[in-house]
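# Coordinate analysis (summary)
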Amino acid sequence: ADGYWLMAGLMILNVFRPSCYCFQGHAAPLLYAAWAEVGFIKESELLNLRKIDCDLEGHPTPKLAFVDVATGSLGQGLGAACGMAYTGKYFDKASYRVYCMMGDGECSEGSVWEAMAFASYYKLDNLVAIIDVNRLGQSEAAPLQHNMNIYKDRCEAFGFNTYVVDGHDVEELCKALWHAEQTKGKPTAIVAKTFKGKGLKGIEDQDNWHGKPIPKDCVEELINHILSQIQSPNKPLHPQLPNEDAAPADLTPIRLLTAPEYKIGDKMSTRKAYGVALKKMGDASPRVVALDGDTKNSTFSDIFKKAHPDRFIECFIAEQNMVSVAIGCATRDRTVSFASTFAAFFARAYDHIRMAAISQSNVNLVGSHCGVSIGEDGPSQMALEDLAMFRAIPTCTVFYPSDGVSTERAVELAANTKGICFIRTSRPDTAVIYDAGEKFEVGKAKVVRQSDKDQVTVIGAGVTLHEALAAHDQLAKEGVNIRIIDPFTIKPLDASTIVASARATGGRVITVEDHYKEGGLGEAVLSAVGEEPGIVVHRLAVSHVPHSGKPQELLDMFGISAKSIVAAVKQTFAN
C-alpha cells in the first residue's frame, strides 16, 4: 500500500509516453497490479504470482516486456537508470524520460550515491529518482526513519532538484512529476513520505510485516476497507500521445572496417590493442559506446575517446556504478557498450555483474592489468580471481586474447555476442603471433605449435602463451616436441580440440596461467577432460598472494615462466 500511490501517480502522468522505468523489485506485486490496471496484464494472471510456470516472479526480470533490468539486489536501479537517461539525452537525443523508484532502506547502499553523483555531474534532467521513505527496512527501521529533511539535504547536496511530498497524495505526486519535467540542467529527486501498510489496521507502520501475506482471517475485512476508499474518476483520462523521436535500434552486425594492421613479430600489449580495436569498432558503428573508471590512459580506452568523444562516458572511480550505467546504456539495444577498468576492480562490482546476467544484458566488460605480469604495482592491482568470477556468470563469454590480432577479433566478436562478455587484457608488450587474416570464433581454440612427435600438450593464454612458446623453442633444441594451444575463449572452452590434442600427446596436459589456481584456466581444462579416461592435467598457476617485483621475476617466482614450463614437461616424463 505504501508504494501503490507512487506508482499510480507515475502511471497516470506517464504511462502512455515513451519512458523507461527502474522499479524497487521488492514491490513487484504492485508493479504487476499497476500494469494490470492499464490492461497490459490480465487480472487473472496476478493470481499466478511466483508460480513456476508464470513470468510474474518474486522480483521482476526482463522476461516481461515492461522490465528493462532485473531488480531485487538493492542499490543498483539508479545506476542503470543513469545509463538509460544518459543514452536518451546524449546518444539518442530523444525526449523519453527515465523514472527510478527506490526504497529508503536501499539508500544505505553506496552505489546509490555513486549514481547520484554521476547523474548530477552529467546534468541528467531527464531522470527522476523517487525515494519511497516508508521508514521501515526488512528487520527494523531504516537509519533515517522519517527524517525527510536529511533525505532532502542529501539529495540537494548531490545536485538534485528535490521535492518532499506525501507519497499517498496522487495530486501532490503528479505536481512534483510535472515540475520535474520542466526542470532543466539537473536531475530530480522526489522524496515521498509513506507508511508501510497504509490504512491497514494493525499493519500500518508496524515492524515485522516485510514480505508477509495478510493472514487469511483478516483478508476480507482489509479488502473491504480498501475498496471503500476507491473513487471512480468522473471523466475518463486522455493521456498525451507518445512522441516517438528515438530512432529504431540498428541490429545489424558490427564488423571491423579493416583487418588488424599488425605484422607477425610486432610487439603490442593486448590492453593497447583493445583501445585500437574499440576505436575501429566506433568507426564502424555509431551504436558503439565506451565507458571507463578513470583508467582510460591504462586500459587505452582513451584511443576511442580521442576519436569519438561524444560516445565516451567517464565514470570516474566508481566501478559499481560504471557497470550499472553500462547495463542501462545497453537496454533496449540502444547501444553496444564496452566498459573498462583494471580487471581486479570488477570484483567490487560483482553483484552488479551477477544481476546483469539476470537482466539478460548484452554488456561488454574489459579488464586490463591481469596477473603478476603487471609487475611492480603489487598485488592490489593484480587480477588473479577474475577468470573464476566471470566463468561463474551463466550468460558470460570469457575472451582471453594473446596478441594484437586476436584482441581485435575478440572485441569484434564481443560486440556481436549475446549476453555478458568479458575480455581479459594484459599489460606487457608481447609479440604478434597471428597473421592479420587469421579467423577467430567463440569457443574455437588455436593450436599454435604442433608436430607428429609432440609428447605433451601445453595450454597457455595471454602472457603465459608466450612463455609456453619460449619453452617450446627451448625444448625443441633438446629434441623434445610439445604441442601449444591458445584457447582464445576460456568460456566456452574448445573441449574437442583440447581432448584431441591430449590424446595425441599420450594424455599429458600442462596448463599455465597468470591467475590463481582456483577457478581459472586449469580448472576449465579439468572440467573439459574430466570424463575422458587416461588424461592427466598438471596445473601451473599463482599459488599465493604475490608482491611487487619485475614481471619476469614474478613469473619465475610463481612457476609460470618458460623455464618452469620446461621443468614441468621434463617432470611429466620423470613421472
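Definitions and cut-offs
- Residues numbered from 1 in each chain as written.
- Predicted model: local features only at pLDDT ≥ 70, side-chain atom pairs only at ≥ 80, totals over all residues.
- Heavy atoms only, no water.
- Helix = DSSP H or I, 4+ residues; strand = E, 2+ residues; numbered from the N terminus.
- Rg over C-alpha atoms; globule rule 2.2 N^0.38 Å.
- Buried < 20%, exposed > 50% of the residue type's maximum accessible area, 1.4 Å probe, protein only.
- Contact = heavy atoms within 4.5 Å.
- Areas by Shrake-Rupley, 256 points an atom, 1.4 Å probe, with all protein chains shown as cover.
- Expected span 1.5 Å × (residues − 1).
- Axes fitted to C-alpha atoms, helices over the stretch in contact; angles between N-to-C directions.
- Parallel < 35°, antiparallel > 145°, perpendicular 65-115°, else oblique.
- Phe/Tyr/Trp six-rings, centres within 6.5 Å; stacked < 30°, edge-to-face > 60°.
- Lys NZ or Arg CZ within 6 Å of the ring centre and 35° of its normal.
- Core = buried A, V, L, I, M, F, W, Y, C linked by side-chain atoms within 4.5 Å.
- Patch = residues over 30% accessible without salt bridge, like charges linked within 9 Å, V, L, I, M, F, W, Y side chains within 5 Å.
- Salt bridge = Lys/Arg side-chain N within 4 Å of Asp/Glu carboxyl O.
- Pairing = 2+ DSSP bridges.
- Right-handed = clockwise from strand over helix to strand, strands pointing away.
- UniProt positions renumbered as here; feature names shortened; annotations may be inferred.
- 1 Å grid on protein atoms, 1.4 Å probe; cavity = no way out; pocket = protein on both sides within 12 Å on 5 of 7 lines; lining within 4 Å.
- Points joined across faces, edges and corners; volume = space filled by probe spheres on them.

Turning our eyes to something else, we now look at the overall build of the protein chain. Of the regular secondary structure elements, the protein chain holds 19 helices and 19 strands. In summary, the protein chain has a C-alpha radius of gyration of 27 Å against a globular reference of 25 Å for 575 residues, a match within 12%. Here the C-alpha coordinates of the protein chain stretch approximately 90 × 55 × 40 Å along the principal axes. Residues counted as buried form 56% of the 575 residues belonging to the protein chain. The long-range fraction of contacts in the protein chain, counting pairs at least 24 apart against all pairs at least 6 apart in sequence, stands at 77%. Total accessible area on the protein chain is roughly 24,600 Å²; 52% of this is exposed by carbon and sulfur atoms.

For helix α11 (residues 319–330), which comprises twelve residues, the first-to-last C-alpha distance of 17 Å matches the rise-based estimate of 16 Å (1.5 Å per residue) to within 8%. The element α11 is largely enclosed, with a buried count of eleven among its twelve residues. Along α11, the residues classified as buried are Glu319, Asn321, Met322, Val323, Ser324, Val325, Ala326, Ile327, Gly328, Cys329 and Ala330. Positioned one or two residues after α11, Arg332 has a phi angle of 60°, which is positive.

For the pair helix α16 (residues 495–504) and helix α17 (residues 521–529), the least separation of the axes is 9 Å and the interaxial angle reads 80°. When the axis of α16 is compared with that of α17, the two are roughly perpendicular. Together, Ala495, Ile498 and Val499 of α16 and Val525, Ala528 and Val529 of α17 make up the contact between the two elements.

For the rest of this paragraph, the subject is the packing of aromatic side chains. Applying the stated criterion across every chain yields a total of 18 aromatic pairs. Geometrically, the ring pair formed by Phe40 and Phe66 is edge-to-face, given 5.7 Å between the ring centres and 80° between the ring planes. Of this pair, Phe40 sits in the loop between α2 (28–37) and α3 (77–91) while Phe66 sits in the loop between α2 and α3, and the two are 26 residues apart along the sequence. Here Phe399 and Phe488 contribute two aromatic rings whose centre-to-centre distance is 5.7 Å and whose plane-to-plane angle is 75°, an arrangement assigned as edge-to-face. Of this pair, Phe399 sits in strand β11 (residues 397–399) while Phe488 sits in the loop between β16 (482–486) and β17 (489–491), and the two are 89 residues apart along the sequence. The burial state of Phe399 is the same as that of Phe488; both residues are buried. Here the aromatic residues Tyr86, Tyr90, Phe91, Phe118, Tyr121, Tyr122 and Phe316 are joined through ring pairs into a cluster of three or more. In this structure, Lys446 is placed above the aromatic ring of Phe440, and the distance from its NZ or CZ to the ring centre is 4.9 Å.

Before going further, it helps to spend a moment on the nonpolar core. Judged by nonpolar contacts, the single largest core of 79 residues is most densely connected at Leu78 and Leu365. It is α3 that provides the largest number of residues to this core, a total of eight residues. Leu78 has contacts with Cys100, Met102, Val112, Ala115, Met116, Leu127 and Ala129, leaving out every residue within four places of it along the chain. Ranked by size, the runner-up nonpolar core spans 59 residues in total, among them Phe304, Val458, Ile484 and Ile560.

Our focus in this paragraph is a nonpolar patch on the surface. A cluster of nonpolar side chains, namely Ile223, Ile226, Leu227 and Ile230, defines an oily patch on the protein surface of about 370 Å² accessible area. Turning to its location among the elements, Ile223 is positioned in helix α7 (residues 216–227). Judged by relative accessible area, Ile223 falls into the partly exposed class, the value being 43%.

The residue Lys63 is located in the loop between α2 and α3 in this model. For the pair Lys63 and Asp294, spaced 231 residues apart in sequence, the C-alpha separation works out to 34 Å. Setting aside residues up to four positions removed in sequence, Lys63 forms contacts with Asp55, Glu57 and Gln360.

For the rest of this paragraph, the subject is the pairing of strand β15 (residues 456–460). Most of β15 is tucked away: five of the five residues are buried. Alternating residues of β15 divide into Val456, Val458 and Gly460 and Thr457 and Ile459, and every residue in both groups is buried. Bridge analysis of β15 against β16 gives four bridges, and the strand direction is parallel. Across the sheet, Val458 pairs through a bridge with Ile484, a residue of β16. The parallel pair β15 and β16, bridged by helix α15 (residues 463–477), forms a crossover whose chirality is right-handed. One ladder, built from four bridges, connects β15 with strand β18 (residues 508–516); its direction is parallel. What sits directly across from Thr457, in β18, is Val509.

So, on to the UniProt feature "domain: Transketolase-like pyrimidine-binding" (unreviewed entry) in the protein chain. According to UniProt, the positions carrying the feature "domain: Transketolase-like pyrimidine-binding" (unreviewed entry) are residues 268–432. Its end C-alpha atoms 7 Å apart, residues 268–432 is made of 39% helix and 19% strand.

Turning next to empty space enclosed by the protein. Tallying each qualifying case throughout the model produces three cavities of 30 Å³ or more. Forming the walls of the largest cavity are 24 residues, and the residues nearest its centre are Ala70, Thr71, Ser73, Gln76 and Gly77.

Turning to unusual backbone geometry, a few remarks are in order. The linkage connecting Lys491 with the following residue, Pro492, adopts the cis geometry, with an omega of 0°. Following the sequence through the fold, Pro492 ends up in the loop between β17 and α16. In this model, Gln145 sits at a positive phi of 45°, which is unusual for a non-glycine residue. Mapping Gln145 onto the fold places it in the loop between β3 (127–133) and α5 (148–157). Taking relative accessible area as the criterion, Gln145 reaches 35% and is therefore assigned partly exposed. Positive phi outside glycine occurs at Phe300, with the angle close to 70°. Structurally, Phe300 is set in the loop between α9 (296–299) and α10 (302–307).

The strand order β14-β16-β15-β18-β19 describes an open sheet built from five strands, whose pairing is mixed. Only two strands of the sheet have a single partner each, and these edge strands are β14 (446–449) and β19 (536–542). For this sheet, the mean inter-axis angle between neighbouring strands, taken without regard to orientation, is 25°. Set on the sheet, α15 makes contact with β14, β15, β16 and β18; between it and β16 the angle comes to about 165°.

As summarised here, the arrangement of the seven strands in space is β8-β7-β9-β10-β12-β11-β17, forming an open sheet in which the pairing is mixed. Sheet topology places β8 (312–314) and β17 at the edges, where each strand pairs with a single neighbour. Geometrically, the sheet is characterised by an average inter-axis angle of 20° between neighbouring strands, direction not taken into account. In this structure, strand β7 (residues 288–292) lies alongside strand β9 (residues 336–342), joined through five bridges in parallel fashion. Note that in β9 the partner of Val289 across the bridge is Ser337. Contacting β7, β8, β9 and β10 (363–368), α11 crosses the sheet at an angle of about 170° to β9.

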